[in-house]
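# Observations on chain architecture
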Amino acid sequence: MTAPEPETAKNGAGAVVFRRPARFVKGVVDLAGLPDADMSEVAMAGRSNVGKSSLINALTGTRNLARTSNTPGRTQEINFFDLDGHGYMVDLPGYGYAKESKTKVAAWNVLIRDYLRGRPTLMRVFLLIDARHGLKPNDEEIMKLLDQSAVNYQIVLTKTDKIKPGEREAVAEQTTARTRAFAACHPVVLATSSEKRWGLEAVRDAVAAALKPA
């Protein structure tokens, strides 16, 4: 478990990948629209309203790269961002609650699952979990899918500034313990706060390590 801490100078492995602003490439609504699999990529996944867009903006140092909203479920496409030629960061639609029809939500969930199963250049999924709530059943459904698909993934706790220090440690330890049952899950749980800029360098370094050619 990595405890949240204020951001420090960009001097880790992630500094090179995030040295220049990320660039939006395209948003797709079906697998036929995916860009060519010409670069490694990492994906950001999580329940609606987990703070995914805020974390992407904080990581890239760009205020409005990923759209944020007070309304859960507003990301309706798979959005691709170019990390200065080092690889793609992929913003997946939030799963779970969304203020849309059940049919539309089901279609988004199918799209997410098909992408996760079949993208050959996907190196790691960063699965975002709201620290206030911990792992939920729909998070574990995605984890089972990733295990079955042999896709490497890592848990990132978000909004850790919204809970007390003792609670942060407890939720990190509980999450780490539960992830041991999942074969494809990375053993290190990262803890972040986009608002306080805690833990960003650790996530940048993890992204860089995942994108690095073998």
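Up top you'll find the structure we're talking about.
Summarised in this report is the structure supplied together with it. Remember, predicted model here, so these are calculated numbers, not experimental data.

### Description of the packing of helix α2 (residues 52-60) against helix α6 (residues 200-211)
Packing of α2 against α6 leaves a shortest axis separation of 10 Å and a crossing angle of 85°. Looking at the two axes, α2 sits roughly perpendicular to α6. Between α2 and α6, the contacting residues are L55, A58 and L59 on the first element and L200, V203 and R204 on the second. Here the residues of the contact of α2 with α6 sort into five nonpolar, no polar and one charged.

### Remarks on unusual backbone geometry
If a residue is not glycine, its phi is most likely negative; likewise, a peptide bond is most likely trans. Its identity is not glycine, yet N49 carries a phi of approximately 70°, on the positive side. Considering the arrangement of structural elements, one finds N49 in the loop between β2 (41-46) and α2. According to the relative accessible area criterion, N49 is partly exposed, its value standing at 43%. Not every positive phi belongs to a glycine, and R197 is a case in point at roughly 65°. Looking at the element boundaries, R197 is found in the loop between β7 (190-191) and α6. Classification of R197 as partly exposed rests on a relative accessible area of 33%.

### Topic: the packing of aromatic side chains
Applying the stated criterion across every chain, the model contains three aromatic pairs. Residues F80 and Y88 carry aromatic rings whose centres are separated by 5.6 Å and whose planes lie at 90° to one another, so their mutual orientation is edge-to-face. Neither F80 nor Y88 differs from the other in exposure class; each is buried. A connected cluster of aromatic rings, assembled from ring pairs, spans F80, Y88 and Y115. Sitting above the plane of the F18 ring, R204 keeps its charged end 6.0 Å from the centroid.

### Here we look at the pairing of strand β3 (residues 78-82)
Across the five residues that make up β3, a large majority, five, are buried. The sheet contact formed by strand β1 (residues 23-28) and β3 spans five bridges and is antiparallel. Bridge pairing in β3 places F24 opposite F81. When β3 meets strand β4 (residues 88-91), the two strands line up antiparallel, connected through four bridges. Among the inter-strand pairings, F80 is bridged to a residue of β4, identified as V90.

### Some points on the sheet that holds β2
On the basis of which strands lie adjacent, the open sheet formed by seven strands has the order β1-β3-β4-β2-β5-β6-β7 and mixed pairing. Of all strands in the sheet, those with a lone pairing partner are β1 and β7, marking the two edges. Here strand β5 (residues 122-130) runs beside strand β6 (residues 153-158); their pairing, made up of six bridges, is parallel. Looking at β6, one finds that L128 is bridged to V156. Where helix α4 (residues 137-148) meets the sheet, its contacts fall on β5 and β6, and the angle it forms with β5 comes to roughly 165°.

### Some thoughts on the pattern of salt bridges
The full count for this structure, using the stated rule, is 13 salt bridges. Residue D82 is joined to R23 by a salt bridge in which the shortest nitrogen-to-oxygen separation is 3.1 Å. With a gap of 59 residues between them, D82 in strand β3 and R23 in strand β1 connect regions that are remote in the sequence. Note on D82: relative accessible area 12%, which makes it buried. Residue K162 is joined to D161 by a salt bridge in which the shortest nitrogen-to-oxygen separation is 3.6 Å.

### With respect to the nonpolar core
Counting residues in each nonpolar core, the largest one holds 36 residues, and the members touching the most others are L92, Y115, L116 and V125. Setting aside residues up to four positions removed in sequence, L116 forms contacts with L92, L122, V125, I142, L145, L146, S149 and V151. If you look at the next biggest cluster of nonpolar residues, it comprises 26 residues, including A22, F126, A206 and V207.

Analysis parameters
- Residues numbered from 1 in each chain as written.
- Predicted model: local features only at pLDDT ≥ 70, side-chain atom pairs only at ≥ 80, totals over all residues.
- Heavy atoms only, no water.
- Axes fitted to C-alpha atoms, helices over the stretch in contact; angles between N-to-C directions.
- Helix = DSSP H or I, 4+ residues; strand = E, 2+ residues; numbered from the N terminus.
- Parallel < 35°, antiparallel > 145°, perpendicular 65-115°, else oblique.
- Contact = heavy atoms within 4.5 Å.
- Nonpolar A, V, L, I, M, F, W, Y, C, P; charged D, E, K, R; others polar.
- Buried < 20%, exposed > 50% of the residue type's maximum accessible area, 1.4 Å probe, protein only.
- Phe/Tyr/Trp six-rings, centres within 6.5 Å; stacked < 30°, edge-to-face > 60°.
- Lys NZ or Arg CZ within 6 Å of the ring centre and 35° of its normal.
- Pairing = 2+ DSSP bridges.
- Salt bridge = Lys/Arg side-chain N within 4 Å of Asp/Glu carboxyl O.
- Core = buried A, V, L, I, M, F, W, Y, C linked by side-chain atoms within 4.5 Å.

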